[in-house]
Amino acid sequence: MTTNDSIPAGAHIGHTHLKAADLDRQVAFYHDLLGFDVVQRMGDQAAFLSAGGYHHHLAMNTWESRNGESPARGTTGLYHIAINYPTRKDLAIVIKRLLEAGWTLDGASDHLTHEAVYLTDPEGNGLELAWDRDPSVWRKPDGSITMGSEPLNFQSLLAEAEGADWPEGRAPEGTRIGHVHLKVSDIDQAVHFYHDLLGFDQIARLGNSAAFLSAGGYHHHLGLNTWESAGGQPPAPGTTGLYHLAINYPTREDLARAVKRLFDNGWAIDGLNDHGTHMAIYLHDPDFNGIELAWDRDRSEWPRNPDGSVNLFGGKPFDIQEFVASADRPVTA
Ligand SMILES: [Fe+2]
Ligand SMILES: [Fe+2]
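Residues numbered from 1 in each chain as written. Chains lettered and ligands numbered in written order. Predicted model: local features only at pLDDT ≥ 70, side-chain atom pairs only at ≥ 80, totals over all residues.

Visitor: When you look at unusual backbone geometry in this model, what are you seeing that I'm missing?
Guide: Outside of glycine, negative phi angles account for most residues, and trans bonds account for most peptide bonds. Notably, leucine 112 is not glycine yet its phi reads approximately 70°, a positive angle. Topologically, leucine 112 is positioned in the loop between strand 6 (107-110) and strand 7 (114-120). Even without a glycine there, the phi angle at phenylalanine 288 is positive, about 65°. Take phenylalanine 288: it is sitting in the loop between strand 15 (278-284) and strand 16 (290-296). (Helix = DSSP H or I, 4+ residues; strand = E, 2+ residues; numbered from the N terminus.)

The structure is reproduced here in structure tokens:
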């Protein structure tokens, strides 16, 4: 149920950033197979990828994790990233591309809200590839949401991709990060942060083992579970996994209000940067999962290279106190 304290409708996951052991291997998977465009690459240090001309949906860096191992079992961190495709046919196409490349799927499910398949990327990061049904199918008039876990009709899904591929193998506009599912040490502690402080609405709760949260009546932008990580520690330094997930706010004022609310509750930030494309404030959740709170400028304002590609490297700091104070100012048209 959306309340006055809820995160604004329109807040969503903008991108996810991974710690990589081998950048070439990761870029080959996300670019060649999943069809994301490489927006910018910093040698063997980092790469930024997107679909449909967005500044980036995915990033990966080797700053601390080059040749690193996967996080140890039982630690907190990434459970999976869900990549949502705009149509059922697009989901079928990406599955076909993976199967034809000899990739193995770990599972599949029809959640009623969305059809989904599960796999891991070359470095063991959990991935869900999904397609959302229209909300009229899964959202009741009172706003409650029907989710389930039925067997996926794989034959019917794959039939959509017969003889089809994306133009030039590129993932279509509308491909996005649908949700991120995290392994946390304690559900109450994590829900306090994401629900009480950030304002995500709690859509479903499985006792002390899992919670699903969203903005604006979506089925879920965030999953949290303790299935393997109850009482767990964050992954060791140097391991792969989640660097951060970015929560995007619809307006600059929404972002300022979110940061003010965190400060008012004694929460600190780890850093900030105005990337030109977006303003970003970095912090971590109670399990030390990296969080970026962001606001995207209009595409017409994004810094660009002479060839028209997005330039993500022109970041500059900004005054956080002044920024937060702007949350109190009346919004003028
Ligand atoms: Fe999921
Ligand atoms: Fe980021």
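Back to the text.
Visitor: Could you clarify how one ought to interpret the environment of serine 65 in this entry?
Guide: Tracing the backbone shows serine 65 in the loop between strand 4 (58-61) and strand 5 (77-85). Separated by 249 residues in sequence, serine 65 and glycine 314 place their C-alpha atoms 24 Å apart. Residues in contact with serine 65, not counting those within four places in the same chain, are Lys19, Ala20, Ala21, Gly238, Thr239 and Thr240. (Contact = placed C-beta atoms within 7 Å.)

Visitor: How should the pairing of strand 16 be read in this particular structure?
Guide: A regular strand carries its side chains on alternate faces of the sheet. Counting buried residues in strand 16 gives six out of seven residues, a clear majority hidden from the surface. Examined bridge by bridge, strand 15 and strand 16 share seven bridges and lie antiparallel to one another. Residue alanine 280 lies in a different strand from strand 16, and its bridge partner there is alanine 294. As consecutive antiparallel partners, strand 15 and strand 16 are separated by five residues, and within that stretch phenylalanine 288 has a phi angle of approximately 65°, a positive value. (Buried ≥ 20, exposed ≤ 12 C-beta atoms within 10 Å, placed from the backbone. Pairing = 2+ DSSP bridges.)

Visitor: Any chance you could explain the sheet that holds strand 4 here in plain terms?
Guide: Within a beta sheet, neighbouring strands are joined by backbone hydrogen bonds and run either parallel or antiparallel to one another. Taken together, the eight strands give an open sheet; going across it, the order is 2-3-4-1-13-16-15-14, and neighbouring strands pair in mixed fashion. The open sheet has two edge strands, strand 2 (37-42) and strand 14 (271-274), and neither has a second partner. When strand polarity is set aside, the average angle formed by the axes of neighbouring strands in this sheet is 20°. Of the strands in this sheet, strand 2, strand 3 (46-50) and strand 4 touch helix 1 (residues 23-33), which is tilted by about 5° from strand 3. Contacting strand 13 (241-249), strand 15 and strand 16, helix 6 (residues 252-264) crosses the sheet at an angle of about 150° to strand 16. (Axes fitted to C-alpha atoms, helices over the stretch in contact; angles between N-to-C directions.)

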